[in-house]
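# Geometric and topological summary
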Amino acid sequence: MKQNLYQAPDYYNLDDLLTEEHKLIRDAAREWVKRDVSPIIEEYAQKAEFPTQIISGLAEIGAFGPYIPEEYGGAGLDQISYGLIMQEIERGDSGVRSTASVQSSLVMYPIFKYGNEAQRKKYLPKLASGKWMGCFGLTEPNHGSNPSGMETKFKDMGDHYLLNGAKMWISNAPFAQIAVVWAKNEEGRIHGLIVERGMEGFTTPTTHNKWSLRASATGELIFDNVKVPKENLLPNKSGLGAPLGCLDSARFGIAWGAIGAAMDCYDTALRYCKEREQFGKPIGQFQLQQKKLAEMITEITKAQLLAWRLGTLKNEGKATSAQISMAKRNNVDMAITIAREARQMLGGMGITGEYSIMRHMMNLESVITYEGTHDIHLLITGLDVTGLSAFK
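All of the points below concern the structure found in this document. (Residues numbered from 1 in each chain as written. Predicted model: local features only at pLDDT ≥ 70, side-chain atom pairs only at ≥ 80, totals over all residues. Heavy atoms only, no water.)

Looking at chain direction, strand β3 (residues 160-171) and strand β7 (residues 218-229) are connected through 9 bridges and run antiparallel. Across the sheet, Ser171 pairs through a bridge with Thr218, a residue of β7. With 2 bridges connecting them, strand β6 (residues 202-203) and β7 associate as antiparallel partners. Considered in β7, the bridge of Phe202 is made with Phe223. (Pairing = 2+ DSSP bridges. Helix = DSSP H or I, 4+ residues; strand = E, 2+ residues; numbered from the N terminus.)

In structure tokens, the structure reads:
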């Protein structure tokens, strides 16, 4: 296990914009990542295995449903707190942040927002504590960027629903106790259903041979005549807007999380270029290396300001889906660019597990694709500013 020397950059004194509670929450998450994630994550990424022993720690730092009210087991925090926790976790690893993000925004959020009181009381405390893990079934083999074309369907059989179909690229699927699954009823209307492990006909095969998010458990959801109790239907919202509302919350977390990955790559490159000598001096003294570092810290600072402003808007209930799309797209693109530049600065050492950069770089190739691809988010912004849809 290697020592973690990470120091978070704050070029514009953005800590001054945070409350004392924000800083305490962030620092607790940062110390947990340093202690429990960073020393082991390279080994687990090499093994392509999720470190399940960290689940209880994620729960302890409030990573599961931080904005869910305390009466349901959440921490009752604001949106900036949620963002800061995601930032610190992704500084450790994007796959670990994916696990927390899915649990919070794609499982707990829809149960809290679209579920009834009985569903909230049954599921949320177990999910907040990490005793149960959840996953989110939207993407299908034939429908990624076009979720409205989903083929997973359910029929009303009188005393239960009969669910058939398949979902893929599902984080947490291999070990999740429940899945929030989006499917069409006989009229073609999209609804959310809570499917529990153990229901006959429900299987979750693991996805293997990934080059990205290797320390995250990914799988499929297969539904073969699964009998779902009627009380497992989320009653308070239907239509495509329901799952997209969950994705807004998750994309907000990604916008913050990607900053953490970028900060880690920058911090690693900065330290390395002060220590590595070529031609009789530290490589950080060369102009091209300073150019790279100056551009990195500039882009990180811009992304921090964007995320903070978005968090403020979200706390006020004013953030739009299009604003969240812009932040997700910009900040992930910023992070992947910094990862690539930092990898070059480390030369051959940049491809080894001795440093975190190559792992971040591979992970971010997934982050830039999932929950709305880079190009789809660009078109969402285009639609928002022109009022003309490129999707039709």
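Positive phi is not limited to glycine here, since Asn13 has a value of about 50 degrees. Structurally, Asn13 can be placed in the segment before α1 (20-47). The exposure class assigned to Asn13 is partly exposed, which follows from its relative accessible area of 48%. Its identity as a non-glycine residue notwithstanding, Glu371 has a phi of 55 degrees, on the positive side. Mapping Glu371 onto the fold places it in the loop between α9 (357-367) and α10 (374-386). (Buried < 20%, exposed > 50% of the residue type's maximum accessible area, 1.4 Å probe, protein only.)

On to the packing of aromatic side chains, then. Pairs of aromatic rings are described using the distance from one ring centre to the other and the angle between the two planes. Under the criterion given, the structure shown has 15 aromatic pairs. Judged by centre distance (5.8 Å) and plane angle (90 degrees), the rings of Tyr272 and Tyr355 are edge-to-face. One end of the pair, Tyr272, is in helix α6 (residues 241-275); the other, Tyr355, is in the loop between α8 (321-345) and α9, and 83 residues separate them in sequence. When its relative accessible area of 10% is taken as the criterion, Tyr272 is described as buried. Of the residues examined, Tyr355 reaches a relative accessible area of 23% and is grouped as partly exposed. (Phe/Tyr/Trp six-rings, centres within 6.5 Å; stacked < 30°, edge-to-face > 60°.)

What follows covers the environment of Ala75. Structurally, the position occupied by Ala75 is in the loop between α2 (55-60) and α3 (79-92). The exposure class assigned to Ala75 is partly exposed, which follows from its relative accessible area of 29%. Separated by 15 residues in the primary sequence, Ala75 and Glu60 place their C-alpha atoms 10.0 Å from one another. Among all residues touching Ala75, those that are not within four sequence positions of it are Gly65, Pro66, Ile68 and Glu70. (Contact = heavy atoms within 4.5 Å.)

A word on the pattern of salt bridges. Taken as a whole, this structure holds 21 salt bridges when the rule is applied. Where Arg359 meets Glu42, a salt bridge forms, and the shortest distance between an N and an O atom there is 2.9 Å. Note that Arg359 is positioned in helix α9 and Glu42 in helix α1, a separation of 317 residues in sequence. In this structure Glu42 comes out as buried when scored by relative accessible area, which is 11%. What you see here is one network of salt bridges that share partners, running through Asp15, Arg26 and Asp27. (Salt bridge = Lys/Arg side-chain N within 4 Å of Asp/Glu carboxyl O.)

Spanning 25 residues, α8 covers 36 Å between terminal C-alpha atoms, matching the ideal 36 Å at 1.5 Å per step. In the segment just after α8, Gly347 is the residue with positive phi, at about 60 degrees. (Expected span 1.5 Å × (residues − 1).)

Here is a general trend for soluble globular proteins: nonpolar side chains tend to be buried in one another's company. With 99 residues, the main nonpolar core has Leu58, Ile89, Ile111 and Trp182 as its most contacted residues. Among the elements that make up this core, the one with the highest residue count is α6 (18 residues). By size, the runner-up hydrophobic cluster in this structure holds 19 residues, among which are Leu163, Ala179, Met199 and Leu221. (Core = buried A, V, L, I, M, F, W, Y, C linked by side-chain atoms within 4.5 Å.)

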